[in-house]
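Structure at a glance
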Amino acid sequence: MLMLGLAMLLDSSCKRQPGTGQSFFPASNEVAGWAKTGDIRTFEAADLWKYIDGEAERYLKAGVQRASTVDYKFRNKVDAVVDIYTMKNVESAEKIFNSEPAVDVKPIPLGDSARLSSQSLVFRKGASLVRIIAYEESAETQQALLQLGQGIELRLVR
């Protein structure tokens, strides 16, 4: 009985360690104006095609380990999706980041490298690649994306 209790305690503590998909995502209103509107979904590398069919092979070749995603809404106006890809190393995250189109984007100081456009923010920090895409564009979308990105960056482990 004691061994079972110890095993359960160890199992539950492992799920809360930094680096799990859930720990990357800010709770509703932890970043002003942003609320989670769905559950976190995680796709291991072998199942990535279920989420990004057609693009999964590129991520697999670069060394993706898993992808976690969740939907958010900003001030009940702007819907967005946040994808966090955990790569095998920094070089893997850099490879995917550098392969992304850099048209109509501006570099910004976030993580190790970041690009902001009118409706998206992509950045990498350590072995993580983060993509935030807003489905609507407004005067405040870019600033809101940046704030959400900053909230996520604080949670990423190097």
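This section reports on the structure supplied with the text.

Criteria and thresholds
Residues numbered from 1 in each chain as written. Predicted model: local features only at pLDDT ≥ 70, side-chain atom pairs only at ≥ 80, totals over all residues. Heavy atoms only, no water. Core = buried A, V, L, I, M, F, W, Y, C linked by side-chain atoms within 4.5 Å. Buried < 20%, exposed > 50% of the residue type's maximum accessible area, 1.4 Å probe, protein only. Helix = DSSP H or I, 4+ residues; strand = E, 2+ residues; numbered from the N terminus. Phe/Tyr/Trp six-rings, centres within 6.5 Å; stacked < 30°, edge-to-face > 60°. Lys NZ or Arg CZ within 6 Å of the ring centre and 35° of its normal.

Quick notes on the nonpolar core
Trp 34, Val 82, Ile 132 and Ile 152 are the most contacted members of the largest nonpolar core, which has 26 residues in total. Among the elements of the structure, strand S3 (64-74), strand S4 (78-87), strand S6 (113-116), strand S7 (120-125), strand S8 (128-134) and helix H5 (141-153) are those that each provide at least two residues to this core. No other element matches the five residues that H5 contributes to this core. If you look at the next biggest cluster of nonpolar residues, it comprises 16 residues, including Ala 45, Val 64, Ile 96 and Phe 97.

Looking at the packing of aromatic side chains
Counting across every chain of the model gives four aromatic pairs. Consider the rings of Phe 43 and Tyr 51, whose centres lie 5.2 Å apart with planes at 20 degrees: the pair is stacked. The class for Phe 43 is buried, based on a relative accessible area of 12%. Grouped by ring-pair contacts, the aromatic residues Trp 34, Tyr 72 and Phe 74 constitute a single cluster. Residue placement shows Arg 115 over the ring face of Phe 97; its charged tip is 4.1 Å from the ring centre.

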